[in-house]
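# Tertiary structure, described
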Amino acid sequence: MTFESLGLSPSMLSALAKKGFEEPTPIQALAIPRLLSNGSILAARARTGTGKTAAFGIPLVEILSKPTAPDGKRSVRALVLVPTRELAIQVTEEISSLRWAQDPRLACIYGGASIGEQFRRLAHGVDIVVGTPGRVLDHMSRGSLELSSLEYFILDEADEMLDMGFVDDIRAVMGQMRQEARILLFSATLAPAVLDIIGGSAKGVEILEDASQALPTELADQLWIEVLQRDKLEALCRIIDAQEDFFGIVFVSTKVEADKVATSLAERGYEAEALHGDLSQDARERVLGKFRDKRLSVLVATDVAARGIDIEKLSHVINWSLPHDSESYLHRVGRTGRAGNEGTAITFVTPEEYRLMFRIKRVSGGQLRKATVPLVEEIMATKKARLLARMETRAKELEADEAEFLRWKGLAEELQKGFDPTTALAVALAEGLGDELDPSKYREISEASVDGTGTSRLYLAYGKRDGANPRSVAARIKALSGLSDREVASIEVYENFSFVTVPYKHAERIIDEARKSGGFPAVRKALPRGKPAP
């Protein structure tokens, strides 16, 4: 199966070639032809790591690449609903990377970002909106998002939205959109409860099943390390220095972060450069060429920029930032431990991200285990052992090459004229190694202690329609838990629900007390503040 056989245009085929896509994944081969043709409700079960974003992104761009309104006015033709802000950003970037021109125009809308900027973007006219349920409903209620011309309604990660309690919001969106819009549902499972989100059943929906396996990660040693945000650079440097030959990719969330991390590494003497979407094609090829030739040992990259890269024998993949979703994690980890070669995947986890890590654990195949940042003493011992091994090898080489031996022997004799042998050797090592064996170049790393600490974000089925406001939410939480005002933070109130952040160790007790007393219609754990958003 090839992309050419799916009936795609030359422009799309060219865009896919630039991204390094050579052949469709099973879910893409199943979904793309269906979406390019007319049809009704489509539900696709795609395992994590199978390229499902491109499975609907490719046909969307293909179909919506030209505006339909002759007067130049645009109306929203496709809405992609996702459970978290990170996934909204990722899906938007992925669809955008499939375009070969300015059209179709996209807007990404989610909570926690400037709503004014989103207003301006929507007012300018867009073809595709990617957003989270709460913020989509917010714009619809304000009149800034109108769905009367909608042609495609796509639910991505439908099972995740079910788990996060977004069913009512999804149905509210569906109740106000153009009823002739084609509904597409993508989910890791197609249980009856998932299909019920769209009011469908196995009989009334065309089902696509991707029977392929998720991306293999068996040969990658998967580790996670608890670390504070401010200590990530120090932790990364220690990990690099503890290896004989570190050759890896450091994944970050944003272009700005890629540049910042790469620059910081270069300033500390590491061969590192950044790879992200703002680089020209020539600059991208230059960086990748240096990395393939191992003139760079560290590539700092965003997920989108790293798509299509096939570099063999990576020793490490470092998740500087937790990936947006499980699929991204598998894509990252799958880049090491390939073709029979072992590799190591290390994920940095801050206290705020601790709850999100459980999603990653579910797809790790039980292989994800906790590790610690290498101690300075361990790094020094490792470096000294490597130095001694190199010296032994070099001594044998010199013994086999008399001319080379005599050249260095003469210099050694000159050094000994002013110093005793031990001092002369110490001076030579200090001159040759610089601060390589200087433990003072490493700084202290604070104890992160994410286990059982940090915060937990709660979802409350209690919103504006119930008379909720931040003060009433705080009052109810404090009554259930005895927490202080300072401990009840980041309250967000929406039409049908609210979010609140509380100390992690109190979350379960609040849930239990709410169920006993009826303090809220429903309470469950969401993901931590700063990761998902309504």
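Presented here is an overview of the structure given in this document.

The rules behind the values
- Residues numbered from 1 in each chain as written.
- Predicted model: local features only at pLDDT ≥ 70, side-chain atom pairs only at ≥ 80, totals over all residues.
- Heavy atoms only, no water.
- Helix = DSSP H or I, 4+ residues; strand = E, 2+ residues; numbered from the N terminus.
- Expected span 1.5 Å × (residues − 1).
- Polar contact = N/O pair within 3.5 Å; in protein donor to acceptor, adjacent residues only side chain to side chain.
- Buried < 20%, exposed > 50% of the residue type's maximum accessible area, 1.4 Å probe, protein only.
- Arc of directions from axis to C-beta.
- Contact = heavy atoms within 4.5 Å.
- Core = buried A, V, L, I, M, F, W, Y, C linked by side-chain atoms within 4.5 Å.
- Axes fitted to C-alpha atoms, helices over the stretch in contact; angles between N-to-C directions.
- Left-handed = near helix turned anticlockwise from the far one by under 90°.
- Nonpolar A, V, L, I, M, F, W, Y, C, P; charged D, E, K, R; others polar.
- Pairing = 2+ DSSP bridges.
- Patch = residues over 30% accessible without salt bridge, like charges linked within 9 Å, V, L, I, M, F, W, Y side chains within 5 Å.
- Areas by Shrake-Rupley, 256 points an atom, 1.4 Å probe, with all protein chains shown as cover.
- Salt bridge = Lys/Arg side-chain N within 4 Å of Asp/Glu carboxyl O.
- Phe/Tyr/Trp six-rings, centres within 6.5 Å; stacked < 30°, edge-to-face > 60°.
- Lys NZ or Arg CZ within 6 Å of the ring centre and 35° of its normal.

### Some details on helix H18 (residues 421–433)
End to end, H18 covers 18 Å across 13 residues, agreeing with the expected 18 Å (1.5 Å per residue, within 8%). The opening residue of H18, the one whose side-chain oxygen lies 3.1 Å from the backbone nitrogen of Thr422, is Asp420.

### Notes on helix H8 (residues 167–176)
For H8, every residue scored as buried is listed here: Val167, Asp169, Ile170, Val173 and Met174. For H8, the arc enclosing every buried residue in end-on projection is 165 degrees, short of the 170-degree limit, so these residues lie on one face. Where the residues of H8 are buried, they touch strand E2 (78–81), helix H6 (133–142), strand E5 (152–156), helix H7 (158–163) and strand E6 (182–187).

### Some words on the nonpolar core
In terms of nonpolar packing, the biggest core is built from 41 residues, with Leu79, Val129, Leu145, Leu147, Phe153, Leu155 and Ile170 touching the most fellow members. Broken down by secondary-structure element, the contributors of at least two residues to this core are E2, strand E3 (106–109), H6, E5, H7, H8, E6 and helix H9 (192–196). The element contributing the most residues to this core is H8, with 4 residues. Discounting residues that sit within four places of it in the chain, Leu145 has contacts with Val76, Ile109, Leu122, Val129, Val136, His139 and Met140.

### Examining the packing of H6 against H8
Running from N to C, H6 and H8 cross one another at 35 degrees; their axes reach a closest spacing of 9 Å. Crossing of H6 over H8 shows left-handed handedness. Of the residues in H8, those in contact with Pro133, Val136, Leu137 and Met140 of H6 are Asp169, Ala172, Val173 and Gln176. Residues that form the contact of H6 with H8 fall into these classes: 6 nonpolar, 1 polar and 1 charged.

### A word on the pairing of strand E17 (residues 498–503)
Among the 6 residues in E17, 6 count as buried, and that is most of the element. For strand E16 (residues 489–493) and E17, the ladder comprises 3 bridges, and the chain directions are antiparallel. Counted as the bridge partner of Val493 is Ser498 from E17. The turn joining E16 and E17, which pair antiparallel and follow one another in sequence, is formed by 4 residues.

### Details of a nonpolar patch on the surface
A cluster of nonpolar side chains, namely Trp408, Leu411, Leu415, Phe419 and Val427, defines an oily patch on the protein surface of about 420 Å² accessible area. Here the nonpolar patch takes 3 residues from helix H17 (residues 402–418), the largest share from any one element. Along the chain, the position of Val427 falls in helix H18. The partly exposed category is assigned to Val427, whose relative accessible area is 38%.

### Quick word on the sheet that holds E5
With parallel pairing, 7 strands are arranged side by side in an open sheet as E3-E4-E2-E5-E6-E1-E7. Both edges of this open sheet fall to E3 and strand E7 (206–209), since each of them pairs with a single strand only. Strand-to-strand twist across the sheet, computed as the mean angle between neighbouring axes with direction ignored, equals 15 degrees. Bridge count between E5 and E6: 5 bridges; the pairing is parallel. Within E6, the residue paired with Tyr152 across the bridge is Arg182. In this fold helix H3 (residues 52–64) packs onto E2, strand E4 (128–131), E5 and E6, with an angle of close to 165 degrees to the strand it touches most, E5. On top of the sheet, helix H4 (residues 85–97) reaches E2, E3, E4 and E5; it is set at about 170 degrees to E3, its chief contact.

### Description of the sheet that holds strand E12 (residues 316–319)
The parallel open sheet is built from 7 strands, whose spatial order is E10-E11-E9-E12-E13-E8-E14. Lying at the two open borders of the sheet, with one neighbouring strand each, are strand E10 (272–275) and strand E14 (369–371). Neighbour to neighbour, the strand axes of the sheet diverge by 25 degrees on average, direction disregarded. With 4 bridges connecting them, strand E9 (residues 248–252) and E12 associate as parallel partners. Each residue of the ladder has a partner; that of Ile249, found in E12, is Val317. Against the sheet, helix H10 (residues 232–241) contacts strand E8 (220–226), E9, strand E11 (298–302), E12 and strand E13 (343–349), and its axis sits at roughly 165 degrees relative to E13. Against the sheet, helix H12 (residues 281–292) makes contact with E9, E10 and E11, and its axis sits at roughly 140 degrees relative to E10, the strand it touches most.

### A short note on unusual backbone geometry
A cis amide bond links Asp103 with the next residue in sequence, Pro104, at an omega value of -5 degrees. Counting through the fold element by element, Pro104 comes out in the loop between H4 and E3. The backbone phi angle of Glu157 is positive, close to 55 degrees, even though this residue is not glycine. Along the chain, Glu157 turns up in the loop between E5 and H7.

### Focus: the packing of aromatic side chains
One pass over the full model with this rule turns up 8 aromatic pairs. Here the aromatic rings of Trp320 and Phe348 are separated by 6.2 Å at their centres, their planes lie at 65 degrees, and the arrangement is edge-to-face. Of the two residues, Trp320 is situated in the loop between E12 and helix H14 (326–333) and Phe348 in strand E13; the sequence distance between them amounts to 28 residues. An identical accessibility class is assigned to Trp320 and Phe348; each is buried. One aromatic cluster in this structure is built from Phe166, Tyr459, Tyr494, Phe497 and Phe499. Its guanidinium or amino end placed over the ring of Phe247, Lys294 lies 4.8 Å from that ring's centre, counting from NZ or CZ. Against the face of Tyr462 rests Arg476, its NZ or CZ located 4.1 Å from the ring centre.

### What to know about the pairing of strand E1 (residues 42–45)
Of the two faces of E1, the one holding Leu42 and Ala44 and the one holding Ala43 and Arg45 are both buried throughout. Taken together, the 4 bridges between E1 and E6 define a ladder with parallel strand orientation. Each residue of the ladder has a partner; that of Ala44, found in E6, is Phe186. As paired elements, E1 and E7 share 4 bridges and run parallel to each other. When the sheet's bridge partners are listed, Ala44 is paired in E7 with Leu208.

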